[in-house]
Amino acid sequence: MSGGKPRKGGPAVPRIEKTFGALDIGSSKVCAMIVGRTETGELLVLGTGQRASDGVKRGYITDMQATELAVREAVEQAERIAGLNIDHVHVSCTSGGLTSTIARVEIDLGGGRIDEDDVDHLLAAGRETIQPGGRMVLHAQPALYTLDGATGVKKPIGLHAERLGVDIHVVFADGAPVRNIDQTVAAAYLGVSGIVAAPIAAGTACLGEEERELGVALIEMGAAVTNISLYAGGMLVGLFTIPFGGADITDAIASAFGLRRAEAERIKCFHGAATSSPRDNHDMIDLRLPEEDSKLVGAGGRAPDDKHSISRAQLVSVIRQPLDYLIGEITKGLKELGFTGAQGQRIVLTGGCAELRGLADHMQVALGRTVRIGRPSGLAGLPDAHAGPAFATLAGLALFAADEPVDIRSIASSYQQVHRHSGAAVLQRLWRALVGNF
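This is a predicted model, so every value here is computed, not measured.

Thresholds, definitions, all that
Residues numbered from 1 in each chain as written. Predicted model: local features only at pLDDT ≥ 70, side-chain atom pairs only at ≥ 80, totals over all residues. Heavy atoms only, no water. Helix = DSSP H or I, 4+ residues; strand = E, 2+ residues; numbered from the N terminus. Buried < 20%, exposed > 50% of the residue type's maximum accessible area, 1.4 Å probe, protein only. Pairing = 2+ DSSP bridges. Axes fitted to C-alpha atoms, helices over the stretch in contact; angles between N-to-C directions. Contact = heavy atoms within 4.5 Å. Parallel < 35°, antiparallel > 145°, perpendicular 65-115°, else oblique. Left-handed = near helix turned anticlockwise from the far one by under 90°. Nonpolar A, V, L, I, M, F, W, Y, C, P; charged D, E, K, R; others polar.

Caption draft 1: How the structure looks around unusual backbone geometry. Here the phi dihedral of Asp148 falls at roughly 50°; this positive angle occurs in a residue that is not glycine. Residue placement: Asp148 occurs in the loop between strand E10 (136–147) and strand E11 (150–153). Given the relative accessible area of 39%, Asp148 is considered partly exposed. Within the chain, Glu404 stands out as a residue other than glycine whose phi angle is a positive 50°. In this structure, Glu404 sits in the loop between helix H11 (392–403) and strand E21 (419–421).

Caption draft 2: Fine view of the sheet that holds strand E8 (residues 88–93). Read across the sheet, five strands follow the order E4-E3-E2-E8-E13 without closing on themselves; strand pairing throughout is mixed. Of all strands in the sheet, those bounded by a partner on one side alone are strand E4 (43–52) and strand E13 (191–197). Direction aside, neighbouring strands of the sheet carry axes that sit 20° apart on average. In this sheet, E8 lies alongside strand E2 (residues 16–25) in parallel orientation, the contact comprising two bridges. Paired with Leu23 across the two strands is Val91, which belongs to E8. Relative to the sheet, helix H4 (residues 198–206) contacts E8 and E13, its axis offset from that of E13 by approximately 80°. Of the strands in this sheet, E2, strand E3 (29–38), E4, E8 and E13 are in contact with H11, which crosses E2 at around 140°.

Caption draft 3: Region of the structure containing the packing of helix H6 (residues 246–257) against helix H9 (residues 312–336). Packing of H6 against H9 brings their axes to within 9 Å, and their N-to-C directions diverge by 135°. As judged from the angle between their axes, H6 and H9 are oblique. Between H6 and H9 lies a crossing whose hand is right-handed. Side by side, H6 and H9 meet where Ile249, Ala252, Ile253, Ala256 and Phe257 of the first sit next to Gln314, Leu315, Val318, Ile319, Pro322 and Leu323 of the second. Residue composition of the contact of H6 with H9, by class: ten nonpolar, one polar and no charged.

Here it is as C-alpha coordinates:
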(Lines give C-alpha, C1' and ligand atoms only; values in the text may rest on other atoms or scores of the structure.)
Protein backbone atom coordinates (compact mmCIF):
# COMPACT_ATOMS: atom_id res chain seq x y z
CA MET A 1 0.00 0.00 0.00
CA SER A 2 1.32 3.41 -0.99
CA GLY A 3 -0.06 5.21 1.98
CA GLY A 4 0.82 8.54 3.54
CA LYS A 5 0.50 10.25 6.88
CA PRO A 6 -0.06 13.99 7.25
CA ARG A 7 3.04 15.67 8.63
CA LYS A 8 2.50 17.43 11.93
CA GLY A 9 2.05 21.13 11.40
CA GLY A 10 1.65 20.69 7.65
CA PRO A 11 -1.25 22.02 5.62
CA ALA A 12 -4.39 19.92 5.71
CA VAL A 13 -5.26 18.17 2.44
CA PRO A 14 -9.06 18.03 2.11
CA ARG A 15 -11.06 15.08 0.82
CA ILE A 16 -8.09 12.77 0.21
CA GLU A 17 -9.03 9.12 0.82
CA LYS A 18 -5.75 7.47 -0.18
CA THR A 19 -2.29 8.54 -1.33
CA PHE A 20 0.12 6.91 -3.77
CA GLY A 21 3.84 7.44 -4.27
CA ALA A 22 5.65 7.20 -7.60
CA LEU A 23 9.41 7.17 -8.20
CA ASP A 24 11.03 7.28 -11.65
CA ILE A 25 14.74 6.44 -11.57
CA GLY A 26 16.09 7.51 -14.96
CA SER A 27 19.49 7.97 -16.54
CA SER A 28 19.32 11.77 -16.41
CA LYS A 29 16.95 12.49 -13.52
CA VAL A 30 15.27 10.94 -10.51
CA CYS A 31 11.78 12.28 -9.91
CA ALA A 32 9.03 11.58 -7.41
CA MET A 33 5.31 12.27 -7.26
CA ILE A 34 2.67 12.00 -4.56
CA VAL A 35 -0.92 11.64 -5.75
CA GLY A 36 -4.09 11.60 -3.68
CA ARG A 37 -7.42 10.04 -4.58
CA THR A 38 -10.35 12.20 -3.51
CA GLU A 39 -13.81 11.12 -2.37
CA THR A 40 -15.06 11.60 -5.92
CA GLY A 41 -12.35 9.35 -7.39
CA GLU A 42 -10.32 12.20 -8.87
CA LEU A 43 -6.54 11.80 -8.79
CA LEU A 44 -4.89 14.96 -7.53
CA VAL A 45 -1.15 15.67 -7.65
CA LEU A 46 -0.10 16.73 -4.15
CA GLY A 47 3.64 17.12 -4.62
CA THR A 48 6.54 16.49 -7.00
CA GLY A 49 10.32 16.40 -6.66
CA GLN A 50 13.28 16.09 -9.00
CA ARG A 51 17.05 15.64 -8.75
CA ALA A 52 19.84 14.94 -11.23
CA SER A 53 20.69 11.27 -11.63
CA ASP A 54 24.42 10.62 -11.24
CA GLY A 55 24.44 6.90 -10.51
CA VAL A 56 22.45 5.44 -13.43
CA LYS A 57 23.89 4.44 -16.83
CA ARG A 58 21.67 3.24 -19.68
CA GLY A 59 18.93 2.52 -17.15
CA TYR A 60 21.19 0.43 -14.88
CA ILE A 61 22.11 1.55 -11.36
CA THR A 62 25.91 1.76 -11.29
CA ASP A 63 26.39 3.82 -8.10
CA MET A 64 23.91 2.83 -5.42
CA GLN A 65 24.99 5.51 -2.95
CA ALA A 66 24.60 8.36 -5.46
CA THR A 67 21.25 7.03 -6.64
CA GLU A 68 20.01 6.58 -3.08
CA LEU A 69 20.87 10.21 -2.31
CA ALA A 70 18.99 11.41 -5.39
CA VAL A 71 15.99 9.27 -4.39
CA ARG A 72 15.99 10.71 -0.88
CA GLU A 73 16.18 14.31 -2.09
CA ALA A 74 13.50 13.90 -4.78
CA VAL A 75 11.07 12.20 -2.38
CA GLU A 76 11.73 14.72 0.39
CA GLN A 77 11.03 17.59 -1.99
CA ALA A 78 7.73 16.00 -3.03
CA GLU A 79 6.84 15.42 0.64
CA ARG A 80 7.54 19.07 1.55
CA ILE A 81 5.27 20.29 -1.22
CA ALA A 82 2.54 17.76 -0.38
CA GLY A 83 2.77 18.38 3.35
CA LEU A 84 2.78 14.65 4.13
CA ASN A 85 5.15 11.70 4.29
CA ILE A 86 4.99 8.52 2.23
CA ASP A 87 6.47 5.16 3.12
CA HIS A 88 5.87 3.15 -0.07
CA VAL A 89 6.34 3.88 -3.77
CA HIS A 90 5.83 2.32 -7.18
CA VAL A 91 9.17 2.43 -9.01
CA SER A 92 9.99 2.41 -12.73
CA CYS A 93 12.28 -0.08 -14.45
CA THR A 94 13.88 0.59 -17.85
CA SER A 95 16.80 -1.87 -17.65
CA GLY A 96 17.17 -5.61 -17.38
CA GLY A 97 16.35 -6.59 -20.95
CA LEU A 98 12.60 -6.14 -20.69
CA THR A 99 10.60 -8.59 -22.79
CA SER A 100 6.86 -9.05 -23.16
CA THR A 101 4.71 -12.00 -24.12
CA ILE A 102 1.06 -13.01 -24.11
CA ALA A 103 -0.03 -16.33 -22.58
CA ARG A 104 -3.53 -17.68 -23.08
CA VAL A 105 -5.26 -20.27 -20.90
CA GLU A 106 -8.73 -21.81 -20.92
CA ILE A 107 -10.80 -23.82 -18.46
CA ASP A 108 -13.91 -25.93 -19.09
CA LEU A 109 -17.15 -24.67 -17.54
CA GLY A 110 -19.72 -26.96 -19.15
CA GLY A 111 -22.07 -24.15 -20.15
CA GLY A 112 -22.56 -22.83 -16.65
CA ARG A 113 -22.91 -19.25 -15.50
CA ILE A 114 -19.56 -17.59 -14.81
CA ASP A 115 -19.04 -16.34 -11.28
CA GLU A 116 -16.12 -14.74 -9.48
CA ASP A 117 -14.80 -18.09 -8.31
CA ASP A 118 -14.54 -19.29 -11.93
CA VAL A 119 -12.50 -16.22 -12.84
CA ASP A 120 -10.21 -16.75 -9.83
CA HIS A 121 -9.66 -20.37 -10.84
CA LEU A 122 -8.87 -19.29 -14.41
CA LEU A 123 -6.33 -16.72 -13.28
CA ALA A 124 -4.75 -19.21 -10.88
CA ALA A 125 -4.45 -21.66 -13.76
CA GLY A 126 -2.84 -18.94 -15.83
CA ARG A 127 -0.24 -18.42 -13.15
CA GLU A 128 0.87 -22.03 -13.52
CA THR A 129 1.52 -21.56 -17.25
CA ILE A 130 4.11 -18.80 -16.77
CA GLN A 131 7.60 -20.10 -17.38
CA PRO A 132 10.12 -17.35 -16.57
CA GLY A 133 13.15 -19.42 -17.55
CA GLY A 134 15.34 -18.00 -14.81
CA ARG A 135 14.16 -14.43 -15.33
CA MET A 136 12.06 -12.24 -13.03
CA VAL A 137 8.36 -11.67 -13.69
CA LEU A 138 7.56 -7.96 -13.39
CA HIS A 139 3.94 -8.17 -14.51
CA ALA A 140 1.44 -10.97 -14.98
CA GLN A 141 -1.90 -9.30 -15.58
CA PRO A 142 -5.13 -10.49 -17.18
CA ALA A 143 -6.07 -8.43 -20.21
CA LEU A 144 -9.04 -9.73 -22.20
CA TYR A 145 -11.23 -12.79 -21.72
CA THR A 146 -12.63 -15.20 -24.30
CA LEU A 147 -15.96 -17.04 -24.21
CA ASP A 148 -16.06 -20.16 -26.42
CA GLY A 149 -13.49 -18.55 -28.71
CA ALA A 150 -15.14 -15.13 -28.86
CA THR A 151 -12.43 -12.58 -27.98
CA GLY A 152 -12.40 -9.13 -26.42
CA VAL A 153 -14.60 -9.79 -23.37
CA LYS A 154 -13.74 -7.47 -20.49
CA LYS A 155 -16.28 -8.57 -17.86
CA PRO A 156 -17.24 -12.25 -18.17
CA ILE A 157 -18.96 -12.60 -14.78
CA GLY A 158 -22.67 -13.34 -15.21
CA LEU A 159 -22.36 -14.76 -18.74
CA HIS A 160 -22.61 -18.43 -19.74
CA ALA A 161 -19.93 -20.38 -21.61
CA GLU A 162 -18.61 -23.85 -22.31
CA ARG A 163 -15.02 -22.60 -22.10
CA LEU A 164 -13.63 -19.50 -20.44
CA GLY A 165 -10.21 -18.20 -21.48
CA VAL A 166 -7.99 -15.23 -20.73
CA ASP A 167 -5.05 -13.48 -22.38
CA ILE A 168 -2.36 -12.81 -19.77
CA HIS A 169 0.16 -10.06 -20.36
CA VAL A 170 3.54 -11.05 -18.92
CA VAL A 171 6.66 -8.87 -18.71
CA PHE A 172 10.03 -10.42 -17.83
CA ALA A 173 13.26 -8.75 -16.72
CA ASP A 174 16.72 -9.82 -15.62
CA GLY A 175 16.75 -10.26 -11.86
CA ALA A 176 19.96 -8.44 -10.85
CA PRO A 177 19.08 -4.93 -12.15
CA VAL A 178 15.62 -5.17 -10.60
CA ARG A 179 17.08 -6.22 -7.25
CA ASN A 180 19.45 -3.24 -7.41
CA ILE A 181 16.44 -0.94 -7.81
CA ASP A 182 14.69 -2.56 -4.85
CA GLN A 183 17.80 -2.37 -2.67
CA THR A 184 18.45 1.28 -3.55
CA VAL A 185 14.90 2.33 -2.67
CA ALA A 186 15.02 0.30 0.54
CA ALA A 187 18.25 2.07 1.51
CA ALA A 188 16.29 5.34 1.27
CA TYR A 189 13.88 3.91 3.91
CA LEU A 190 11.04 3.40 1.44
CA GLY A 191 9.04 0.26 0.76
CA VAL A 192 8.52 -0.86 -2.82
CA SER A 193 4.84 -1.44 -3.58
CA GLY A 194 5.71 -2.53 -7.10
CA ILE A 195 8.36 -2.26 -9.79
CA VAL A 196 6.69 -1.24 -13.04
CA ALA A 197 8.16 -1.55 -16.53
CA ALA A 198 8.62 2.00 -17.83
CA PRO A 199 6.83 1.32 -21.16
CA ILE A 200 3.73 0.20 -19.26
CA ALA A 201 3.80 3.31 -17.08
CA ALA A 202 4.29 5.63 -20.06
CA GLY A 203 1.51 3.89 -21.97
CA THR A 204 -0.85 4.27 -19.02
CA ALA A 205 -0.27 8.03 -19.04
CA CYS A 206 -0.18 8.76 -22.78
CA LEU A 207 -2.34 6.28 -24.70
CA GLY A 208 -6.08 6.31 -25.09
CA GLU A 209 -8.19 3.16 -24.88
CA GLU A 210 -9.05 3.27 -28.59
CA GLU A 211 -5.38 3.55 -29.55
CA ARG A 212 -4.57 0.45 -27.51
CA GLU A 213 -7.41 -1.42 -29.19
CA LEU A 214 -6.60 -0.48 -32.79
CA GLY A 215 -2.83 -0.84 -32.51
CA VAL A 216 -0.18 1.76 -31.69
CA ALA A 217 3.57 1.92 -31.13
CA LEU A 218 4.68 3.97 -28.14
CA ILE A 219 8.28 5.15 -28.52
CA GLU A 220 9.71 6.34 -25.22
CA MET A 221 12.84 8.33 -26.03
CA GLY A 222 14.72 8.70 -22.76
CA ALA A 223 18.14 10.13 -22.00
CA ALA A 224 20.07 6.91 -22.58
CA VAL A 225 17.48 4.27 -23.52
CA THR A 226 14.72 4.23 -26.13
CA ASN A 227 11.90 1.73 -25.57
CA ILE A 228 9.44 0.72 -28.26
CA SER A 229 6.25 -0.84 -26.92
CA LEU A 230 3.59 -2.22 -29.20
CA TYR A 231 -0.06 -2.22 -28.12
CA ALA A 232 -2.86 -4.14 -29.82
CA GLY A 233 -6.19 -5.53 -28.73
CA GLY A 234 -6.05 -3.39 -25.58
CA MET A 235 -2.77 -4.80 -24.24
CA LEU A 236 0.99 -4.53 -24.62
CA VAL A 237 2.10 -7.29 -26.99
CA GLY A 238 5.75 -6.49 -27.75
CA LEU A 239 8.83 -4.67 -26.48
CA PHE A 240 12.06 -3.57 -28.13
CA THR A 241 14.88 -1.68 -26.40
CA ILE A 242 17.56 0.50 -27.99
CA PRO A 243 20.52 1.59 -25.80
CA PHE A 244 20.56 5.10 -27.30
CA GLY A 245 18.77 8.31 -26.40
CA GLY A 246 18.81 12.06 -25.95
CA ALA A 247 22.09 12.10 -24.01
CA ASP A 248 23.84 10.71 -27.08
CA ILE A 249 22.62 13.72 -29.06
CA THR A 250 23.91 15.98 -26.29
CA ASP A 251 27.31 14.25 -26.44
CA ALA A 252 27.45 14.79 -30.21
CA ILE A 253 26.87 18.53 -29.71
CA ALA A 254 29.50 18.69 -26.97
CA SER A 255 32.06 16.90 -29.14
CA ALA A 256 31.35 18.93 -32.28
CA PHE A 257 31.68 22.34 -30.61
CA GLY A 258 34.08 21.58 -27.76
CA LEU A 259 31.51 22.16 -25.00
CA ARG A 260 30.85 20.66 -21.61
CA ARG A 261 27.82 18.38 -21.40
CA ALA A 262 25.84 20.93 -19.35
CA GLU A 263 26.46 23.60 -22.00
CA ALA A 264 25.56 21.22 -24.82
CA GLU A 265 22.33 20.20 -23.08
CA ARG A 266 21.35 23.85 -22.60
CA ILE A 267 21.92 24.63 -26.26
CA LYS A 268 20.03 21.53 -27.37
CA CYS A 269 17.02 22.37 -25.21
CA PHE A 270 16.82 26.09 -26.05
CA HIS A 271 17.99 26.16 -29.66
CA GLY A 272 17.98 22.60 -30.98
CA ALA A 273 15.58 21.22 -33.57
CA ALA A 274 15.06 18.13 -35.69
CA THR A 275 14.04 20.12 -38.76
CA SER A 276 15.71 23.04 -40.49
CA SER A 277 14.41 26.27 -42.00
CA PRO A 278 15.87 28.88 -44.41
CA ARG A 279 16.52 31.24 -41.51
CA ASP A 280 18.80 28.77 -39.73
CA ASN A 281 21.87 29.98 -41.65
CA HIS A 282 21.34 33.51 -40.31
CA ASP A 283 20.27 32.75 -36.71
CA MET A 284 23.37 32.74 -34.53
CA ILE A 285 23.69 30.94 -31.20
CA ASP A 286 26.03 32.16 -28.48
CA LEU A 287 27.95 29.22 -27.02
CA ARG A 288 28.88 31.05 -23.84
CA LEU A 289 26.98 30.46 -20.64
CA PRO A 290 25.00 33.40 -19.21
CA GLU A 291 27.48 33.86 -16.35
CA GLU A 292 30.31 34.15 -18.88
CA ASP A 293 28.38 36.87 -20.68
CA SER A 294 27.94 38.80 -17.44
CA LYS A 295 31.68 38.64 -16.76
CA LEU A 296 32.38 40.06 -20.21
CA VAL A 297 29.85 42.85 -19.69
CA GLY A 298 31.47 43.73 -16.36
CA ALA A 299 34.86 43.89 -18.08
CA GLY A 300 33.68 46.41 -20.63
CA GLY A 301 31.37 44.56 -22.98
CA ARG A 302 31.35 41.30 -24.92
CA ALA A 303 33.24 40.99 -28.14
CA PRO A 304 31.36 39.77 -31.23
CA ASP A 305 33.78 36.83 -31.67
CA ASP A 306 32.80 34.15 -34.20
CA LYS A 307 34.69 31.60 -32.11
CA HIS A 308 31.95 31.83 -29.48
CA SER A 309 28.95 31.44 -31.79
CA ILE A 310 27.51 29.02 -34.33
CA SER A 311 24.58 29.14 -36.73
CA ARG A 312 21.41 27.24 -35.97
CA ALA A 313 21.97 25.37 -39.24
CA GLN A 314 25.25 24.01 -37.86
CA LEU A 315 23.52 22.87 -34.68
CA VAL A 316 20.69 21.15 -36.55
CA SER A 317 23.21 19.40 -38.80
CA VAL A 318 25.01 17.96 -35.77
CA ILE A 319 21.73 16.91 -34.10
CA ARG A 320 20.49 15.14 -37.21
CA GLN A 321 23.39 12.68 -37.36
CA PRO A 322 22.71 10.78 -34.09
CA LEU A 323 18.97 11.39 -34.47
CA ASP A 324 18.84 9.75 -37.89
CA TYR A 325 20.85 6.83 -36.52
CA LEU A 326 18.26 6.44 -33.74
CA ILE A 327 15.41 6.62 -36.25
CA GLY A 328 17.11 3.86 -38.23
CA GLU A 329 17.24 1.68 -35.12
CA ILE A 330 13.59 2.49 -34.38
CA THR A 331 12.68 1.40 -37.91
CA LYS A 332 14.43 -1.94 -37.32
CA GLY A 333 12.64 -2.36 -34.01
CA LEU A 334 9.20 -1.66 -35.51
CA LYS A 335 9.89 -4.19 -38.26
CA GLU A 336 11.02 -6.82 -35.77
CA LEU A 337 7.82 -6.29 -33.76
CA GLY A 338 5.74 -6.75 -36.90
CA PHE A 339 4.38 -3.21 -36.81
CA THR A 340 3.47 -3.06 -40.50
CA GLY A 341 0.47 -2.70 -42.76
CA ALA A 342 -2.73 -0.80 -42.06
CA GLN A 343 -2.62 -1.52 -38.34
CA GLY A 344 0.92 -0.12 -38.06
CA GLN A 345 0.17 3.51 -38.78
CA ARG A 346 -0.04 5.15 -35.36
CA ILE A 347 3.04 6.19 -33.40
CA VAL A 348 3.18 8.14 -30.13
CA LEU A 349 6.46 9.72 -28.98
CA THR A 350 7.21 10.40 -25.36
CA GLY A 351 10.23 10.78 -23.07
CA GLY A 352 12.60 13.72 -22.66
CA CYS A 353 14.01 13.52 -26.18
CA ALA A 354 10.47 13.89 -27.57
CA GLU A 355 10.59 17.55 -26.50
CA LEU A 356 13.10 18.31 -29.28
CA ARG A 357 11.47 20.92 -31.53
CA GLY A 358 10.12 19.54 -34.81
CA LEU A 359 10.76 15.91 -33.88
CA ALA A 360 7.22 14.65 -34.56
CA ASP A 361 7.18 16.21 -38.05
CA HIS A 362 10.63 14.84 -38.86
CA MET A 363 9.78 11.31 -37.71
CA GLN A 364 6.45 11.37 -39.49
CA VAL A 365 8.28 11.90 -42.77
CA ALA A 366 11.09 9.47 -41.94
CA LEU A 367 8.79 6.65 -40.79
CA GLY A 368 5.87 7.32 -43.13
CA ARG A 369 3.36 7.06 -40.30
CA THR A 370 1.13 9.32 -38.24
CA VAL A 371 3.18 10.60 -35.29
CA ARG A 372 2.10 12.62 -32.28
CA ILE A 373 3.75 13.67 -29.02
CA GLY A 374 2.35 11.89 -25.97
CA ARG A 375 1.83 13.93 -22.82
CA PRO A 376 0.50 12.61 -19.51
CA SER A 377 -3.22 12.94 -18.79
CA GLY A 378 -5.61 11.77 -16.10
CA LEU A 379 -4.07 13.70 -13.19
CA ALA A 380 -5.51 16.92 -11.78
CA GLY A 381 -3.14 19.59 -10.49
CA LEU A 382 -0.17 18.38 -12.53
CA PRO A 383 2.44 21.21 -12.51
CA ASP A 384 3.34 22.65 -15.90
CA ALA A 385 6.96 21.68 -15.31
CA HIS A 386 5.94 18.02 -15.08
CA ALA A 387 3.22 18.00 -17.74
CA GLY A 388 5.49 17.28 -20.71
CA PRO A 389 6.56 14.00 -22.35
CA ALA A 390 9.70 13.86 -20.18
CA PHE A 391 7.50 13.03 -17.17
CA ALA A 392 5.10 10.57 -18.81
CA THR A 393 6.61 7.59 -16.97
CA LEU A 394 6.36 9.35 -13.60
CA ALA A 395 2.70 10.25 -14.16
CA GLY A 396 1.99 6.76 -15.45
CA LEU A 397 3.45 5.21 -12.31
CA ALA A 398 1.01 7.20 -10.19
CA LEU A 399 -1.91 6.22 -12.43
CA PHE A 400 -0.83 2.57 -12.39
CA ALA A 401 -0.60 2.60 -8.59
CA ALA A 402 -4.03 4.20 -8.21
CA ASP A 403 -5.59 1.70 -10.63
CA GLU A 404 -4.37 -1.18 -8.44
CA PRO A 405 -4.39 -3.76 -11.27
CA VAL A 406 -4.83 -7.46 -10.59
CA ASP A 407 -1.68 -9.59 -10.71
CA ILE A 408 -2.37 -13.30 -11.16
CA ARG A 409 0.60 -14.22 -8.96
CA SER A 410 -1.55 -13.28 -5.94
CA ILE A 411 -4.21 -15.85 -6.89
CA ALA A 412 -4.19 -19.33 -5.31
CA SER A 413 -3.42 -22.37 -7.49
CA SER A 414 -6.21 -24.00 -9.50
CA TYR A 415 -6.86 -27.67 -10.06
CA GLN A 416 -9.06 -27.32 -13.16
CA GLN A 417 -8.10 -28.61 -16.59
CA VAL A 418 -6.05 -26.04 -18.46
CA HIS A 419 -5.51 -25.58 -22.20
CA ARG A 420 -2.31 -23.72 -23.04
CA HIS A 421 -1.59 -21.63 -26.13
CA SER A 422 1.80 -20.35 -27.20
CA GLY A 423 2.59 -16.65 -27.07
CA ALA A 424 3.33 -16.57 -30.82
CA ALA A 425 -0.08 -18.04 -31.64
CA VAL A 426 -1.83 -15.48 -29.47
CA LEU A 427 0.03 -12.59 -31.12
CA GLN A 428 -0.92 -13.90 -34.56
CA ARG A 429 -4.55 -14.14 -33.45
CA LEU A 430 -4.48 -10.56 -32.19
CA TRP A 431 -3.05 -9.20 -35.41
CA ARG A 432 -5.51 -11.18 -37.54
CA ALA A 433 -8.35 -9.67 -35.53
CA LEU A 434 -6.93 -6.19 -36.03
CA VAL A 435 -6.44 -6.61 -39.77
CA GLY A 436 -10.02 -7.80 -40.04
CA ASN A 437 -11.21 -4.44 -38.73
CA PHE A 438 -9.67 -2.52 -41.64
